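Structural characterization, general
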Amino acid sequence: MLNLSCATRKAYRTGPYRCVQAALSAGVIFSLLCSGCVDPNQRVIETIQVESVENKEKRDSLKDAFQYLPQLIRMDRTVAMQEINYQLNSWSSSVSSPPVWKASSLLESIPATLRTIDFAQRMTKLEFGEPECEYMMQCQMFKQVSGWVIDKPYRDRLFGRWLESRKADLSAQEWTKLETALKLFDWTVCNVAIEGDPKMAENLLVNPDMPPSDQAPIYRQLPWQTLMFARGDAWQRARVFTQMCFSRGIDSVALALPSITGATENSALRLWCVGVPIGNEIYLFEPNWGLPIPSANGDGIATLSQAKSDSAVLRRAKLPGRFEYPVESKDLENVLALVDVEPFAVGRSMHVLEQSLTGENRQRLSFDADAFESRLQAIDPKLSIRLWNIPWLSHLYNLSIRKRLDDMSPFAMAYLERFGSYVTDTPISRARVLHFKGQLESSIEAAGALRMYMDCRIDEETIRELEYDSGLQKSFGVVKRPTEPLENFQMRLKIMGNYLRQSKYDIVAFLAMANIDLGKPETAADWLSKRLLPIKGTERWHAHAHYLLGRSLESTGDVSGAIEQYKFDASAQAAGNRIRIRRLEAALNPTSATEVNQ
């Protein structure tokens, strides 16, 4: 029976995680003040024992805190948050000699209006609140996803040969980073549907700034939320990629251009693409395309230095008669590098905590902004470098969302109807977590994401009967309260019906993604072509479904069939799909390669 009472306000406050808190291990204290004559060797042994016990207690506190992190995905997370805060702050109060930390000079590039917000003021303190804990949960999630994704082979044939050829020019470490970045980018593009208008690729988005707005792009979703929802605008999807890279020790920037008039304040900058520095180059990934920017000869990935020196790189980004590309090499004289790093990563608490993590909890939490600035300047001395304001705005906006969800306003109703199944404790959110852990197939001990996705699908007849069947309503946890107005109850029933119907369609897309991850393109193609694209009500998935179907057909060798799928132009990624078509057609007809490259 599905526990789907998330449509009610109560479920967001008194959900399944109000469980009994785990008992804390009691500290053991050894007395070193003994009467009479004491063997010096015994004193040494006892001192070592005391230190061992204290260190174990510190490790246990961190271990307990990390065990609760996954529960922060859900809206009702009071108990989990209390436990995490208790454990982390207990640990921090026991740190007698913390590692040396100093604030980065790049923090001054964040506007004062953002730096004076409460969670930003805690930069210099060794303490943990809700924003820090949510950041740690995000790091843990991306560590899990990226861990199994990079163990799989790189599947995009467009850049496969070129990647292999780079082994001769890069060190082993640099080549591995390049391969990792390509894998993570490709997985992100396949697992996060892009939203927006196809013509957006012809214009550079102006960087958002204060004050926060419900209509602004990029910052209205944290990266982990975009991953959970499997949807976002071009830069929201790009930030999933950059934070996945961060989890693997690969740093990145959003490359931006001054305004047409030359202004360089945050609200004037025009966002261009993601830059990933590897070795002595910065490789370019185009968020609107879902593709790296091709090099001048078409078979590799362009770098910033190539785009600056060779006008053919960006000239070839144009699709005559279809899409114009908004950047030319002459525009790159004053490129700005906006470092995409979460605010907590440059604070004291994460710096100290990361160095205390051991075993399976070891992960990247902190960021040396000054060292990265020096590295970027060594690659390109002309770069103007600053911290990107978007991660700060995202956390500020996220805090406002949580406050506004306390009241069932029209905003809260609309938000929960759209995202409630992913941010509360539902079978879908649990299946998504299993997917991110790489637990796709079931074992003897537990069900995998595929089975949980399947179990979440509710047939249309059941959804219709929910409107009048009181027994069915009770089984789904939607029961009329004694003093509840009838219209409120009917509204909750409507939300539940819409939720079940939309969830059913979402799950088909998730099943296709999971089968692609498992290396089963035929099964993915079957889900997409038979149970998603022909079904009324699934239109919001069509653009991504055509893309995934194309990728699945490519994997099976049906390049012509893939090309037909990429021709679906009602997609924010249409320009990138046309670039892919151009490369695939060149591969099918090598004699036309010269013309294509021109």
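Before reading on, note that the structure itself is shown above.
Below you will find a few notes about this structure. If you're wondering where the values come from, they're calculated on a predicted model, not measured in any experiment.

1. Quick word on the overall build of the protein chain
Each helix and strand in the protein chain was counted, giving 25 helices and nine strands. Taking all 598 residues of the protein chain together, the buried fraction comes to 56%. Accessible area for the protein chain stands at about 25800 Å²; split by element, carbon and sulfur atoms hold 51% of it.

2. Brief notes about the side chain of Thr303
Tracing the sequence through the fold places Thr303 in the loop between β7 (291-292) and α10 (304-309). In contact with Thr303, not counting residues within four places along its chain, are Glu281, Ile282, Tyr283 and Leu284.

3. Comments concerning the nonpolar core
With 173 residues, the main nonpolar core has Leu255, Trp272, Phe285 and Ile293 as its most contacted residues. Among the elements that take part in this core, helix α20 (residues 486-517) stands out by supplying 14 residues, more than any other.

4. Some details on the packing of helix α21 (residues 521-531) against helix α22 (residues 542-555)
Contact pair α21 / α22: the axes reach a minimum separation of 9 Å and the direction vectors enclose 150°. Here α22 runs roughly antiparallel to α21, going by the angle between their axes. Judged by the twist between their axes, the crossing of α21 over α22 is left-handed. Where α21 approaches α22, its residues Pro521, Ala524, Ala525, Leu528 and Ser529 are matched on the opposing element by Ala545, Leu548, Leu549, Ser552 and Ser555. In the contact of α21 with α22, the residues fall into seven nonpolar, three polar and no charged.

5. Brief notes about helix α7 (residues 172-191)
Residues separated by three or four positions in an α-helix point in the same direction, a consequence of the helix having 3.6 residues per turn. The end-to-end C-alpha distance of α7 is 28 Å, a good match for the 28 Å that 20 residues give at a rise of 1.5 Å each. The buried count for α7 comes to 15 of 20 residues, which makes it a mostly enclosed element.

6. Concerning unusual backbone geometry
The omega torsion across Met210 and Pro211 is -5°, close enough to zero to call that bond cis. Looking at the element boundaries, Pro211 is found in the loop between β2 (205-206) and α8 (223-229). Even without being a glycine, Ile218 presents a positive backbone phi close to 70°. Located in the positive-phi region is Ala230, a residue other than glycine, with phi close to 60°. Relative to the assigned elements, Ala230 resides in the loop between α8 and β3 (231-232).

7. Focus on the pairing of strand β6 (residues 281-286)
Note on strand geometry: in a regular strand, side chains alternate between the two faces of the sheet. Counting buried positions over the six residues of β6 gives five, a clear majority of the element. Linking strand β5 (residues 270-278) to β6, which pair antiparallel, is a turn of two residues; within it Gly279 sits at a positive phi near 65°. Direction of pairing for β6 relative to β7: antiparallel, over a ladder of two bridges. Bridged to Phe285 within β7 is Pro292. Where β6 folds back on β7, the antiparallel hairpin that results is connected by four residues, among which Gly290 adopts a positive phi of roughly 75°.

8. Comments concerning the pattern of salt bridges
Where side chains of opposite charge bring their charged atoms close, a pairing between them can arise. Scanning the model with the defined rule gives 29 salt bridges in all. Of the charged contacts, one joins Asp506 and Arg540 as a salt bridge, the two residues approaching to 3.1 Å between their closest N and O atoms. Pair noted here: Asp506 is in helix α20 and Arg540 is in the loop between α21 and α22, with a separation of 34 residues, a long-range link. For Arg540, a relative accessible area of 32% puts it in the partly exposed group. Here Lys530 makes a salt bridge to Asp526, at a shortest N to O gap of 2.9 Å. In this pair, Lys530 and Asp526 both sit in helix α21, four residues apart, roughly one turn of the helix. On the accessibility criterion, Lys530 (57% relative accessible area) is exposed. When its relative accessible area of 26% is taken as the criterion, Asp526 is described as partly exposed.

Cut-offs and rules
- Residues numbered from 1 in each chain as written.
- Predicted model: local features only at pLDDT ≥ 70, side-chain atom pairs only at ≥ 80, totals over all residues.
- Heavy atoms only, no water.
- Helix = DSSP H or I, 4+ residues; strand = E, 2+ residues; numbered from the N terminus.
- Buried < 20%, exposed > 50% of the residue type's maximum accessible area, 1.4 Å probe, protein only.
- Areas by Shrake-Rupley, 256 points an atom, 1.4 Å probe, with all protein chains shown as cover.
- Contact = heavy atoms within 4.5 Å.
- Core = buried A, V, L, I, M, F, W, Y, C linked by side-chain atoms within 4.5 Å.
- Axes fitted to C-alpha atoms, helices over the stretch in contact; angles between N-to-C directions.
- Parallel < 35°, antiparallel > 145°, perpendicular 65-115°, else oblique.
- Left-handed = near helix turned anticlockwise from the far one by under 90°.
- Nonpolar A, V, L, I, M, F, W, Y, C, P; charged D, E, K, R; others polar.
- Expected span 1.5 Å × (residues − 1).
- Pairing = 2+ DSSP bridges.
- Salt bridge = Lys/Arg side-chain N within 4 Å of Asp/Glu carboxyl O.

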